[in-house]
Amino acid sequence: MTETAAGPDLTPDTAPDPLEPLPLLRRELHTGPRGLSSREAARRLAVYGPNEVRRTARTSILRELLRQLVHPLALLLWAAAALAFIAAIAVLGWAIVAVILVNAGFALVQERQAEKAVETLARYLPAQARVIRDGQAQHVPARDLVPGDLIVLDEGDRIPADARLAEGGIEADLSMLTGESTPVERLAGPGLEGLSLLQEPNLVFSGTTATEGQAQAIVFATGDHTELGRIAALSQRTRREPSPLEQQVKRVAWLIAAVAVGMGAVFLVTGVAVGLPLTDSLMFAIGLLVANVPEGLLPTITLALAVGVRVLARQGAVVKRLSAVETLGSTNVICTDKTGTLTRNQMRLHSTWTPPHGAAGGTETAELVRAAAQCTTVTREGDGALHGDPTEIALVEGASQHAAPLDLADRDAHRRACFRFDPRLRRMSVIRDGEHGTLLVIVKGAPEAVLTLLAEGAPAGEAQQAADALAADGMRVLAVAVRELPLGSEAVPSRRQDAERDLHLLGLVGLDDPPRPEVAAAVRRCHGAGLTVHIVTGDNGATAAAVARAVGIGTPNLQVVGQSEAIDDHELDHLLRQDRTEIVFARSSPETKLKVADALRAHGQIVAMTGDGVNDAPALHRAHIGVAMGLSGTDVAREASTMVLTDDNFATIVTAIVRPPRLRQRPEVHRLHLRPPHPRGRALPRVRPLRRGRTAAADRPADPRHRPRDRDPAGPRPRP
């Protein structure tokens, strides 16, 4: 009967444990196989609120603008403007006021980026959800879902809330939460101990997509209590800290203010002491104060950094905040994602194995890859692009590369039956017309799921060893087996268990996401420039370590943290203090990325963090430089980042950081080369700053012909 009892004794701030046994979860949520009643759902909606990501109350624009107008440098400029008006220099006063307002406007726009990122999260929730209420399947607005609802998931559906599978199984694309493009299996059944929620095999999450299968699931969290809502809360709580350039400008502002006020006071007292009228002494002191305030400091820095932004944009790096240009030049640690940044984010057929000789070759390879491609559901769009599961697309493309091209229309025309991929069985199979009037069964799936179906005497042990070796190299391994139905067998098996038995093993295929060809050279440039590169990924440690070694990360020492969520601050600090060591943080959560960024900052490092998923937004906020992917990244990551890569290429990050010294030093040179005019109309001698690791002699031109034009000659200059 439909559940109409009183709702669970829960408050909006508490939630049931989704990993407890399913009967207990049903009892705690007061739901059953017929779902909730409509009246009970309405009552819970009033208690829990709508199923949507809500942001905290937005700070008043006027309050934020006021905060920008009392910045130390802004206060100094306000004082200069006031003194300029007092000294009857109105043009200068209005110019200074304009500089203050323009700078405050830029800063105000930058500060509101975090709120934009949170607002973008709402786009990942579907408009409608299919739910069972009053025993009937119906479509309701996704925002009206409540804990205890029984939702129906089908292939292609976007999951509307965090839920526990109660029946069936699906393959889910969790890339927006984990950053990994390979779909993962989710099926009804007991949970596993020691895993994070994102790794639990029976949970699905709001905003992700079901790519295969069918299932029913019980909603256990909605709105701000979902994984999506938790990430939104992290994004709102994580505030951007001032960049090194902004901190330097603030220190310079206080220094200039102290010097200007001190000099003004000294000249005022001196003028009065020598007998000048107080009015004249005061006007002279005001003029001196105004002359010592660098009204052009902000515009000069802005223009210098704008040139850097244009240069980087031509190289594929779009910088969203001007001060980040100078911060890039100070970066000494890069924390990079794996999929799509170091790799192509495109699965390919890498290796094959056939019995009994091991390494596949010749006709055996062609037969293996062609059979694997036949056992797919990939379709071709009007523009010629393949559409479907990334693994199956790689199999179809791999068949063409191994001289066994597949005609998708011919594949479908000769197919008699298709048992779609079942996450519980971890395999799929098709029945098609064979040669000489026979029927051919093709089975493709995980090795442990296919090898148990082989006929007696098949080399299952050798195949399992080969599969383990391929998996150790970071590949996704599939086994392919066939069975020819005897002549005269006209009836196509209607049950998959009747078709998937007594199989003959064709072999194994290994698929991987290959590194980008230019990444290895970029990593060498990083090491040559003294940069450290860490990998922070949601993928497993073996796969990430294989990619790291392939591109040269971890030379000479590579540390792999298999479950980075479990590492504590003491262990993390110990790892980061090791010299000449680069680390792979595998199975990372949003909190892990935040923890790594905070630890590196605590060690005095300038950190660039890459990311493309919704889960990366908090870390992108926290790092000195947040780098998002422009092609494959989510809107949330792009909103939260400081820099967006138009080509999703790690080499572009390196180019932006290890760029020509002229571009990297320009902000510092302009910042300290501002100087007041000489009282006789000539420029005062230029004071060149001492840069880190260099002496004043190193900055001096070696060739006299390169002497700056505005520099005074050594001897006295004749008066005109």
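What you see is a predicted model, and the numbers here were worked out from it, not measured in a lab.

Another aspect to go through is the overall build of the chain. A count of helical and extended segments in the chain gives 27 helices and 24 strands. Each of the 720 residues in the chain was classed as buried or not, and the buried ones make up 50%. Restricting to contacts in the chain with at least 6 residues of sequence separation, those with at least 24 account for 69%. Accessible area of the chain: about 33,300 Å², with a carbon and sulfur share of 56%.

Right, let's talk about helix 14 (residues 390–401) for a bit. Between the first and last C-alpha of helix 14 there are 16 Å, a value that for 12 residues agrees with the 16 Å anticipated at 1.5 Å per step. Buried within helix 14 we find Thr391, Glu392, Ile393, Ala394, Leu395, Val396, Gly398 and Ala399. One side-chain oxygen at the N-terminal end of helix 14 lies 2.9 Å from the backbone nitrogen of Thr391; it belongs to Asp389. Phi turns positive, to about 60°, at Ala403, one or two residues after helix 14.

Moving on: the packing of helix 13 (residues 363–374) against helix 14. Packing of helix 13 against helix 14 brings their axes to within 8 Å, and their N-to-C directions diverge by 145°. With respect to the hand of their crossing, helix 13 and helix 14 are arranged in left-handed fashion. Mapping the contact onto sequence places Val369, Ala372 and Ala373 in helix 13 and Leu395, Val396 and Ala399 in helix 14. Looking at the contact of helix 13 with helix 14, its residues break down into six nonpolar, no polar and no charged.

With that settled, the discussion passes to the sheet that holds strand 8 (residues 317–319). Taking strand neighbours across the sheet as the criterion, the eight strands line up as 8-24-23-22-9-19-21-20 in an open arrangement whose pairing is mixed. Sheet topology places strand 8 and strand 20 (557–561) at the edges, where each strand pairs with a single neighbour. When the angles between neighbouring strand axes are averaged without regard to direction, this sheet yields 20°. Where strand 9 (residues 333–336) meets strand 19 (residues 532–536), four bridges bridge the pair, whose relative direction is parallel. Counted as the bridge partner of Val333 is Thr532 from strand 19.

Turning our attention to the nonpolar core. Core analysis: the largest hydrophobic core is formed by 37 residues, its most contacted members being Val319, Leu328, Ile553, Met643 and Phe650. If one sorts the elements of this core by residue count, helix 25 (residues 650–657) sits on top with six residues. Among the nonpolar cores identified, the runner-up in size contains 36 residues, and Met176, Ile231, Ile583 and Val636 belong to it.

By secondary structure assignment, the location of Val152 is in strand 3 (residues 150–153). Residue classification places Val152 among the buried positions, given a relative accessible area of 16%. With 23 residues separating them in the primary sequence, Val152 and Ala129 have C-alpha atoms 8.0 Å apart. Residues contacting Val152, with those up to four places away along its chain left out, are Arg130, Ile132, Asp157, Ala215 and Gln216.

Here Thr555 and Pro556 are connected by a cis peptide whose omega angle stands at 5°. With a phi angle near 50°, Asp502 is a residue other than glycine that sits in the positive phi range. Look at Asp502 and you get partly exposed, because its relative accessible area is 46%. Of note in the backbone geometry, Arg580 takes a positive phi value of approximately 55° without being a glycine. Tracing the chain through its elements places Arg580 in the loop between helix 21 (569–577) and strand 21 (581–585). Residue classification places Arg580 among the exposed residues on the basis of a relative accessible area of 64%.

Averaged over every residue, the pLDDT of the chain is 79; the share at 70 or more is 80%. By mean pLDDT, helix 27 (residues 696–699) is the weakest element of the chain at 37, and strand 3 is the strongest at 95. Note on residues 660–720: pLDDT is under 50 here. Beyond four places in sequence and across chains, it has 58 contacts.

Two numbers describe how helix 21 lies on helix 22 (residues 590–602): the axes approach to 10 Å, and their chain directions differ by 55°. One finds that helix 21 runs oblique with respect to helix 22. In the packing of helix 21 onto helix 22, the handedness of the crossing is right-handed. Note on element contacts: helix 22 touches helix 21 through Lys595, Val596, Ala599 and Leu600, opposite Asp569, Leu572, Asp573 and Leu576. Its residues placed into classes, the contact of helix 21 with helix 22 shows five nonpolar, no polar and three charged.

This brings us to the pairing of strand 22 (residues 607–611). The buried fraction of strand 22 amounts to five of the five residues, a majority that puts the element mostly inside the structure. Of the two faces of strand 22, the one carrying Val607, Met609 and Gly611 and the one carrying Ala608 and Thr610 are both buried. As defined by bridge partners, strand 9 adjoins strand 22 across three bridges and the pair is classed as parallel. Its bridge partner lying in strand 22, Val333 is registered against Val607. Relative to strand 23 (residues 625–629), strand 22 runs parallel, the two sharing four bridges. Residue pairing in the sheet places Met609 in a bridge with Gly626 of strand 23. In terms of handedness, the path from strand 22 via helix 23 (residues 617–622) over to strand 23 forms a crossover that is right-handed.

Bringing the pattern of salt bridges into the picture now. Tallied over the full model, the rule gives 19 salt bridges. For Arg44, the salt bridge is made with Glu40, and the minimal N-O distance between the two is 2.7 Å. Taken together, the residues span about one helical turn, with Arg44 and Glu40 both in helix 2 (residues 38–48) at a distance of four residues. For Arg426, the salt bridge is made with Glu448, and the minimal N-O distance between the two is 2.7 Å. One end of the pair, Arg426, is in the loop between strand 14 (415–422) and strand 15 (427–433); the other, Glu448, is in helix 16 (residues 447–450), with 22 residues separating them in the sequence. Classification of Arg426 as partly exposed rests on a relative accessible area of 31%. Overall, the relative accessible area of 42% leaves Glu448 in the partly exposed class.

Let us now look at the pairing of strand 15. Most of strand 15 is tucked away, with six of its seven residues classed as buried. Pairing geometry for strand 14 and strand 15, over five bridges, is antiparallel. When the sheet's bridge partners are listed, Asp422 is paired in strand 15 with Arg427. Two successive antiparallel strands, strand 14 and strand 15, enclose a turn made up of four residues, where Arg426 displays a positive phi of approximately 65°. Pairing geometry for strand 15 and strand 16 (residues 439–445), over seven bridges, is antiparallel. Paired with Met428 across the strands is Lys444, a residue of strand 16. In textbook terms, the turn of a hairpin is the stretch between consecutive antiparallel strands, and for strand 15 and strand 16 this stretch comprises five residues, one of which, His436, has a positive phi near 60°.

Along the chain, Pro160 falls in the loop between strand 3 and strand 4 (162–173). As a C-alpha pair, Pro160 and Leu145 span 15 residues in sequence and 8.1 Å in three-dimensional space.

Next up on the list: a nonpolar patch on the surface. A contiguous nonpolar patch, built from Leu66, Val70, Leu75, Trp78, Leu101 and Trp254 and spanning about 590 Å² of accessible area, is present on the exposed surface. What makes Val70 partly exposed here is its relative accessible area of 44%.

Parameters and conventions
Residues numbered from 1 in each chain as written. Predicted model: local features only at pLDDT ≥ 70, side-chain atom pairs only at ≥ 80, totals over all residues. Heavy atoms only, no water. Helix = DSSP H or I, 4+ residues; strand = E, 2+ residues; numbered from the N terminus. Buried < 20%, exposed > 50% of the residue type's maximum accessible area, 1.4 Å probe, protein only. Contact = heavy atoms within 4.5 Å. Areas by Shrake-Rupley, 256 points an atom, 1.4 Å probe, with all protein chains shown as cover. Expected span 1.5 Å × (residues − 1). Polar contact = N/O pair within 3.5 Å; in protein donor to acceptor, adjacent residues only side chain to side chain. Axes fitted to C-alpha atoms, helices over the stretch in contact; angles between N-to-C directions. Left-handed = near helix turned anticlockwise from the far one by under 90°. Nonpolar A, V, L, I, M, F, W, Y, C, P; charged D, E, K, R; others polar. Pairing = 2+ DSSP bridges. Core = buried A, V, L, I, M, F, W, Y, C linked by side-chain atoms within 4.5 Å. pLDDT = per-residue confidence, 0-100. Parallel < 35°, antiparallel > 145°, perpendicular 65-115°, else oblique. Right-handed = clockwise from strand over helix to strand, strands pointing away. Salt bridge = Lys/Arg side-chain N within 4 Å of Asp/Glu carboxyl O. Patch = residues over 30% accessible without salt bridge, like charges linked within 9 Å, V, L, I, M, F, W, Y side chains within 5 Å.

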